[in-house]
Amino acid sequence: MRVFHREDHGTAFSAPSSLQEISDNLRRGDCVYIFKHVVPAGLVEAIKKYLSAVGSASLPNYAPLSAGCPNFHRMVRWEDARSAVRGCYQLFSFFPWNHDYFDLFGRFREVYHARNILAGADPGDYIGRTPTGDLAARLSFQFYPKGGGGLNKHSDPKLAHQMAVPVLTMSRKGSDFSAGGLFVEAGDGSKLYLDDLSEPGDVVYFNASAPHGVDPIDPEEEQRWLDFEGRWMGLFAVNSVSAAPEYRSADLGAAG
Ligand SMILES: [Fe+2]
């Protein structure tokens, strides 16, 4: 598994030769791209602080995805058989038709543009006030609590609207948590831990069909959801908003 560190997220997807190289490499599925400092570290901290407050002061609830649906947060637990991919985490979902205090889709527009270009879509697809076809962007922030928060290994289906899944690193391994974290599996079965290679504010791209998951975060520690200590990440997903209401887990990418 090759790792490319880049500093040029703002221009990498607009220069044809650079885009072609990134696209070809990601499509082969044997590499990851880590774009450094795409999001200011201060903004990452502000979002985590805000979501911790929202998460601790309001009830987790499920809301079906549909055009115009509200932003929401919900819990996913290992024993929940409704999830396509079992996991243990808190999920905060934002949609482009709702307002939010950070103007998230405005600030992160260039990541969605890049994601769309890699998938062969128009740069502005999915992030408007109404869906593109039956698809819409969903910005998912995921919190994996210490005490075993994680997500089982899986591969996401190859859908036309997704090729690479961009993930925003929001926690620092070694200080925010010690064990576990997001991995992508290489062809020989070895795991590449992306938290070892990135820092808060970096955006990581990998092929959604490569096996990936989140190994349990500090499993020896007591699990205390309301402390919001553990591992955070952001996922720049695109989802169908027309299917019948159902639990849609596999939020790490399936989503994507
Ligand atoms: Fe996934």
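Numbers given for residues are sequential positions, taken from 1 along each chain in its written order. Whole-chain, interface and lining totals are the exception, using all residues; otherwise, since this is a predicted model, local features are given only for residues with pLDDT of at least 70 and side-chain atom pairs are given and counted only at 80 or more. Note: side-chain values were computed over all heavy atoms of the structure, leaving out hydrogens and water.

**A short note on the overall build of the protein**
Working step 1: Runs of H or I in DSSP of at least four residues are treated as helices and runs of E of at least two as strands, each being numbered from the N terminus. Within the protein, the regular secondary structure consists of five helices and twelve strands.
Working step 2: When we talk radius of gyration, it's over C-alpha atoms, and the globule rule is simply 2.2 Å times the number of residues to the 0.38. Its C-alpha atoms give the protein a radius of gyration of 17 Å, near enough to 18 Å, the size a compact globule of 256 residues would have.
Working step 3: C-alpha extents for the protein along the principal axes are approximately 50 × 40 × 35 Å.
Working step 4: Only heavy atoms enter the contact rule, under which two residues are in contact if any of them lie within 4.5 Å. For the protein, long-range pairs separated by at least 24 residues make up 78% of all intrachain contacts whose partners lie at least 6 apart in sequence.
Working step 5: Here the open area of atoms and residues is found with the Shrake-Rupley method and a 1.4 Å probe, where only the protein chains shown may cover a residue. Summed over its atoms, the accessible surface of the protein is roughly 10,500 Å², and 51% of this surface lies on carbon and sulfur atoms.
Working step 6: By the counting rule applied here, Lys and Arg register as positive and Asp and Glu as negative, while His and the ends of each chain are not counted. A charged residue contributes its charge at one atom only: NZ of Lys, CZ of Arg, CG of Asp or CD of Glu. Considering the protein, the positive charge centre built from 25 side chains and the negative charge centre built from 31 side chains are found 2 Å apart.

**What about the pairing of strand β3 (residues 72–76)?**
Working step 1: Most of β3 sits inside the fold, with four of its five residues counted as buried.
Working step 2: When DSSP locates at least two bridges between a pair of strands, those strands are taken to pair. Pairing of β3 with strand β4 (residues 87–94), which is carried by five bridges, proceeds in the antiparallel orientation. Each bridged residue has a counterpart across the sheet, and for arginine 74 the counterpart in β4 is leucine 91. Three labels apply to residues, based on accessible area from a 1.4 Å probe with only protein chains included: buried if under 20% of the type maximum, exposed if over 50%, partly exposed otherwise in between.

**A word on the pattern of salt bridges**
A pair can form between side chains of opposite charge whenever their charged atoms are brought close.
Working step 1: Take a side-chain nitrogen of Lys or Arg and a carboxyl oxygen of Asp or Glu: if they are within 4 Å of each other, that pair is a salt bridge. Under the counting rule described, the total for this entry stands at 15 salt bridges.
Working step 2: Residue aspartate 215 pairs with lysine 191 through a salt bridge whose shortest N-O separation is 3.1 Å. Of the two residues, aspartate 215 is situated in strand β11 (residues 212–215) and lysine 191 in strand β9 (residues 191–193); the sequence distance between them amounts to 24 residues.
Working step 3: Via salt bridges that share partners, Lys36, Arg172, Glu199 and Asp202 belong to a single interconnected network.

**Some remarks on the confidence of the model for the protein**
Working step 1: A residue's pLDDT is simply how confident the predictor is in it, with values from 0 to 100. On average, residues of the protein score 91 in pLDDT, and 94% of them are at 70 or above.
Working step 2: Helix α2 (residues 16–28) is the least confidently modelled element of the protein, averaging 91 in pLDDT, while helix α3 (residues 41–57) averages 98, the highest of any element.
Working step 3: Contacts for the low-pLDDT stretch residues 245–251, under 50 throughout, to residues beyond four places or in other chains number 29 contacts.

**Section: α2**
Working step 1: The length a helix should cover is 1.5 Å for every residue beyond the first. Spanning 13 residues, α2 covers 18 Å between terminal C-alpha atoms, matching the ideal 18 Å at 1.5 Å per step.
Working step 2: Inspection of α2 places Ser18, Leu19, Ile22, Ser23, Asn25 and Leu26 among the buried residues, and these make up the whole buried set. The buried residues of α2 occupy one face: seen down the axis, they fall within an arc of 170°. Across α2 from its buried face, at more than 90 degrees, point the exposed residues Pro16, Ser17 and Arg28.
Working step 3: Close packing links the buried residues of α2 with β1 (2–6), α1 (9–12), β2 (31–35), α5 (109–119), β7 (164–169) and β10 (203–207).
Working step 4: The first or second residue beyond α2 is glycine 29, which carries a positive phi of 80°. Think of it as the arc spanned by the lines of direction from the helix axis to the C-beta atoms.

**Some points on the environment of valine 3**
Working step 1: One can find valine 3 in strand β1.
Working step 2: Assessed through its relative accessible area of 30%, valine 3 is described here as partly exposed.
Working step 3: The spacing of valine 3 and tyrosine 33 is 30 residues in sequence and 6.0 Å in space, taken between C-alpha atoms.
Working step 4: Discounting chain neighbours no more than four positions away, the residues touching valine 3 are Val32, Ile34, Leu192 and Leu197.

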